[in-house]
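Listed below are the residues making up each chain.
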Amino acid sequence: MISYNTKEWFSFIFHFHKSDTVRKLFPIMLAIGVYAGAVGYVELEYFKVTKNDYIQNIPIMHGMLGFVISLLLVFRTNTAYDRWWEGRKLWGALVNNSRNLAIKLSAILKEENDRKFFRKIIPTYASVLQKHLNNEDTGKQLFEDVDLEIDHQKHKPNQVKRIMYQKINDLYDAKKITGDQLIILNEELQSFTDICGACERIKNTPIPYSYSAFIKKFIFFYTMTLPFGYAVSLGYYVAPVVVFIFYVLASLELIAEEIEDPFGDDENDLPIRKISVNIKKHVEELI
């Protein structure tokens, strides 16, 4: 995740980070600029279009559709950010639950071997979950037309959780913990699986294909029709204006695409590897 000072907003204007949308969109922005300039040339120099021609009424359509596309993009970005923020809350809960489990076990367990076991296994769950969510195949488990190798393997976070629960049950059988303590520890262990399931729901349930495809097509055709309506009034300045409009609309879609999967490798994704390292450090301090 990119570290920055939110108060130095002037630096955002003049600094182009490698994840900036300008770099990703530059080739198509250049093509659209050439296209808009060509449309302007044909209208002005070849067809001699004037302000009295009916083609100049096209901006009426753009005005009506502009409101629609703004609503769609607002919903798109808000939905993507909700997924990103929910992922952050889930990993924050994993941090707290790991600490709580470590604190309770530190007070309950007396033998060093038992404490050493949980000192290692609790951070292991966070590390395994991070790798599980970072796996691209995890995000495709609900696709009906894809046969994934991961489906033929054991669910690694569940295996770590099973080992933890088995150890807790062995401690209970050995009379090292009481029934009341078993119930208290069970609540913390159950939360691990709840968090894993919620993260998998975000990972393997993308925005519906038809919705995402429609927004992209809408942005493309909306932008492609802009030069026809504004070439006469703007002249050849229509090219940079259309490029800028496309940049704004397409950038919002790109940002939404990047943050809707918060467990990937993009620079704006959640730093879950760093969080898992912090969990390991905190648990080792507590037990």
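Up top is the structure these notes are about.
Residues numbered from 1 in each chain as written. Predicted model: local features only at pLDDT ≥ 70, side-chain atom pairs only at ≥ 80, totals over all residues. Heavy atoms only, no water.

### What to know about the nonpolar core
Consideration 1: Membership of the largest hydrophobic core comes to 42 residues, with the highest contact counts inside it found for Trp91, Leu94, Phe118, Ile122 and Met164.
Consideration 2: Elements with a minimum of two residues in this core: helix H3 (58-108), helix H4 (112-134), helix H5 (156-173), helix H6 (179-204), helix H8 (238-259) and helix H9 (272-286).
Consideration 3: Looking at this core, the element that brings in the most residues is H3, giving 10 residues.
Consideration 4: Setting aside its immediate chain neighbours within four residues, Leu94 contacts Tyr125, Ala126, Leu129, Phe192, Ile195 and Ile279.
Consideration 5: By size, the runner-up hydrophobic cluster in this structure holds 20 residues, among which are Ile215, Phe218, Ile219 and Leu226. (Core = buried A, V, L, I, M, F, W, Y, C linked by side-chain atoms within 4.5 Å. Buried < 20%, exposed > 50% of the residue type's maximum accessible area, 1.4 Å probe, protein only. Helix = DSSP H or I, 4+ residues; strand = E, 2+ residues; numbered from the N terminus. Contact = heavy atoms within 4.5 Å.)

### Comments concerning H8
Consideration 1: Over its 22 residues, H8 runs 32 Å from end to end, which matches the ideal 32 Å to within 8%, given 1.5 Å per residue.
Consideration 2: Along H8, the positions that sit buried rather than exposed are Val238, Ala239, Val242, Val243, Phe246, Leu249, Ala250, Ser251, Glu253, Ala256, Glu258 and Ile259.
Consideration 3: Close packing links the buried residues of H8 with helix H2 (21-46), H3 and helix H7 (209-234). (Expected span 1.5 Å × (residues − 1).)

### Thoughts on the environment of Gly87
Consideration 1: Among the structural elements, Gly87 can be located in helix H3.
Consideration 2: Judged by relative accessible area, which is 0%, Gly87 ranks as buried.
Consideration 3: Taking the C-alpha atoms as reference points, Gly87 and Ile202, 115 residues apart in sequence, are found 7.6 Å from one another.

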